[in-house]
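Listed below, chain by chain, are the residues.
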Amino acid sequence: EIAAYYDIASSRHNKSLPRQRALVRIRDNPLFDEFDPLDPDCDTDYQAVLFFPDKSCFVQSLERTSPCAQTLKPGHVTHASLYLCFAKVPEPPANQAELLPRLEVTCSSARFVEAVRQTMQLMRLLCFV
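These remarks concern the structure in this document.

Parameters at a glance
- Each chain carries its own residue numbering, running from 1 in the written order of its sequence.
- The predicted origin of the model limits local features to residues at a pLDDT of at least 70 and limits the giving and counting of side-chain atom pairs to 80 or more, whereas totals for whole chains, interfaces and linings rest on all residues.
- Note that water and hydrogens are dropped before the side-chain values are worked out from all heavy atoms of the structure.
- We place a 1 Å grid over just the protein atoms. Points where a 1.4 Å probe fits but has no way out form a cavity, open points with protein on both sides within 12 Å along at least 5 of 7 lines form a pocket, and any residue with an atom within 4 Å of a point lines it.
- Grid points are joined across faces, edges and corners, and a volume is the space filled by probe spheres set on the points.
- Think of it as three bins: nonpolar holds Ala, Val, Leu, Ile, Met, Phe, Trp, Tyr, Cys and Pro, charged holds Asp, Glu, Lys and Arg, and polar takes everything else, Gly as well.
- Strand pairing follows a simple DSSP-based rule, namely that at least 2 bridges must link the two strands.
- Comment: elements are numbered from the N terminus, with helices defined as DSSP H or I runs of at least four residues and strands as E runs of at least two.
- Interaxial angles span 0 to 180 degrees and are taken between N-to-C directions of axes, which are lines fitted to C-alpha atoms, for helices over the stretch in contact.

### Overview of empty space enclosed by the protein
Applying the stated rule across the entire model yields one cavity of 30 Å³ or more. If you add up the space inside the largest cavity, you get close to 30 Å³. The wall of the largest cavity is formed by Gly75, His76, Val77, His79, Cys85, Lys88 and Pro90. Of the residues belonging to the lining of the largest cavity, the class tally is three nonpolar, three polar and one charged.

### Considerations on the sheet that holds strand S4 (residues 56–59)
Read across the sheet, four strands follow the order S1-S2-S3-S4 without closing on themselves; strand pairing throughout is antiparallel. Each of the sheet's edge strands pairs with one partner strand only, and the pair in question is strand S1 (6–10) and S4. Each strand axis lies, on average, 30 degrees off the axis of its neighbour in the sheet, ignoring direction. Taken together, the four bridges between strand S3 (residues 47–51) and S4 define a ladder with antiparallel strand orientation. Considered in S4, the bridge of Val49 is made with Phe58.

Structure follows, in structure tokens:
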């Protein structure tokens, strides 16, 4: 569900991170506008999320700064899921009540994702052979 409302981009810092960690950048995009994730002017529009094998957190990393800043944003802590990172943010946005349902994993969203996965597998959409 998050991919429907957020832009998700990889980070160039993943090359320097240990294999057990992954850094992505996410940006709220309710109007489905197209943005270049590599544009340096849009760097601060993205929030960096660092994923560990068993937790995730918002970090201070920016694409244009090296090395990767893996320190947590002020007031943030690690959580077991990305949903909890958004739900327990220290300074919630005014529209948090409408943002959180977009991130919830429900039975219907899990079924939808599985149906799309099976359809893509049957149609071989990502097969380049």
